[in-house]
Amino acid sequence: MTTARIALVGDRSLSVQAHVRVPSLLEALRERDGLTLDAYWIPTTEAEGLEGFDGIWTLPGSPYRSEAGAVNAIRTAREHGIPFLGTCGGFQHALLEYARNVLGLPVAHAENDPDADEFLVLPLACSLVGHEDEVRLAPGSLAEKIIGAERSMEKYLCGFGLNPRYVPVLEEGGLNFTGRDETGAVRALELPAHPFFLATLFQPELAGDGTRPHPIITAFASAAVAHAGSGAPGRAGVGPAAGGQPVGGGA
């Protein structure tokens, strides 16, 4: 059985429900789907040298201790073809990474840098903290194929989102916005030229009671296992020496 090494990028905290659910989600992936993940928590302050992992998952829990660390982790996944999943804060920082490093835009996250001149990520007009809302998925998109429907009810714990003024700029620059709410506000993004690059403003970690992984999490795990079985270079020695803490029985 192939085991995939996963970097869980985020500042681990018992106060973040998504973090608390991770161990049970990993166990469910192994038992229900036969997907074995050797997962390590990587604080954003230590998110370097992740090239050897088979998957990078940037979790909720922002503001992160290091914006630069979160952005660097996402850049590593994008540039090295490593399966990537970003949820909530991971979605927001995937936007930052692409805008800055691919398109060269001098943009900021309002939560991290409230005195900046130009914001890519702004407070939502209506906070989504504790909300559940319908997401409309683009036909033929990765998200739509994973979920198997063009609409999905999803849970949020989020107060920040994409500045709508940048939607056309990012789309023209190569990002695909494949999930939107009923008003057209962006809720999911993909990078089509990448083996697996998906980020959502909603938190799939919160689906159900945590015993059955959301299809997006299962698809990410499957992509990571496939990457592990592909013989991709750079995997040797990845583990605790990379600065991570192995996932145990609790968050």
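These numbers come from a predicted model, not from an experiment. (Residues numbered from 1 in each chain as written. Predicted model: local features only at pLDDT ≥ 70, side-chain atom pairs only at ≥ 80, totals over all residues. Heavy atoms only, no water.)

Caption draft 1: Layout of the nonpolar core. The biggest cluster of nonpolar side chains holds 74 residues, and the ones touching the most others in it are L50, I56, L95, L120, L162, L170 and F177. Broken down by element, this core gets its largest block of residues, 9 residues, from helix 6 (residues 215–228). The residues contacting L120, other than those within four sequence positions of it, are L95, L96, A99, V107, A108, G161, L162, N163, Y166 and L170. (Core = buried A, V, L, I, M, F, W, Y, C linked by side-chain atoms within 4.5 Å. Buried < 20%, exposed > 50% of the residue type's maximum accessible area, 1.4 Å probe, protein only. Helix = DSSP H or I, 4+ residues; strand = E, 2+ residues; numbered from the N terminus. Contact = heavy atoms within 4.5 Å.)

Caption draft 2: Region of the structure containing the UniProt feature "domain: Glutamine amidotransferase" (unreviewed entry) in the protein. Feature annotation in UniProt assigns "domain: Glutamine amidotransferase" (unreviewed entry) to the following positions: residues 25–104. Secondary structure within residues 25–104 divides into 45% helix and 19% strand; the distance between the first and last C-alpha atoms comes to 37 Å. (UniProt positions renumbered as here; feature names shortened; annotations may be inferred.)

Caption draft 3: The arrangement of the packing of aromatic side chains in detail. Taken as a whole, this structure holds 5 aromatic pairs when the rule is applied. Arranged with centres 4.6 Å apart and planes meeting at 35°, the rings of F84 and F197 form a pair that is tilted. Of this pair, F84 sits in strand 4 (residues 84–87) while F197 sits in strand 12 (residues 197–200); the two residues are 113 residues apart in sequence, bridging distant segments of the chain. Each member of the pair, F84 together with F197, is buried. Ring centres 6.2 Å apart and planes at 50° place the aromatic pair F196 and F220 in the tilted group. With F196 in the loop between strand 11 (186–190) and strand 12 and F220 in helix 6, the pair connects residues that are 24 residues apart, well separated along the chain. With respect to class, F196 is no different from F220; both count as buried. Three or more aromatic residues joined by ring pairs form one cluster here, namely W57, F196 and F220. (Phe/Tyr/Trp six-rings, centres within 6.5 Å; stacked < 30°, edge-to-face > 60°.)

Caption draft 4: Seen up close, the sheet that holds strand 5 (residues 108–109). Read across the sheet, 3 strands follow the order 5-6-9 without closing on themselves; strand pairing throughout is mixed. If you trace the sheet from one side to the other, it starts and ends with strand 5 and strand 9 (160–162), each paired once. Pairing between strand 5 and strand 6 (residues 119–123): 2 bridges, direction parallel. Residue H109 lies in a different strand from strand 6, and its bridge partner there is V121. (Pairing = 2+ DSSP bridges.)

Caption draft 5: Local environment of the pattern of salt bridges. In total, this model carries 11 salt bridges according to the counting rule given. With a shortest N-O distance of 2.4 Å, R30 and E27 are connected by a salt bridge. Taken together, the residues span about one helical turn, with R30 and E27 both in helix 1 (residues 17–33) at a distance of 3 residues. The exposure class of E27 is partly exposed, given its relative accessible area of 33%. (Salt bridge = Lys/Arg side-chain N within 4 Å of Asp/Glu carboxyl O.)

Caption draft 6: A look at the packing of helix 2 (residues 67–80) against helix 3 (residues 89–101). Contact geometry for helix 2 and helix 3: axes closest at 9 Å, N-to-C directions at 75°. Taken together, the axes of helix 2 and helix 3 lie roughly perpendicular to each other. Taken together, the residues of helix 3 that come into contact with helix 2 (itself represented by E67, A70, V71, I74, R75 and R78) are G90, H93, A94, L96, E97, Y98, R100 and N101. A class-by-class count of the residues in the contact of helix 2 with helix 3 yields 6 nonpolar, 3 polar and 5 charged. (Axes fitted to C-alpha atoms, helices over the stretch in contact; angles between N-to-C directions. Parallel < 35°, antiparallel > 145°, perpendicular 65-115°, else oblique. Nonpolar A, V, L, I, M, F, W, Y, C, P; charged D, E, K, R; others polar.)

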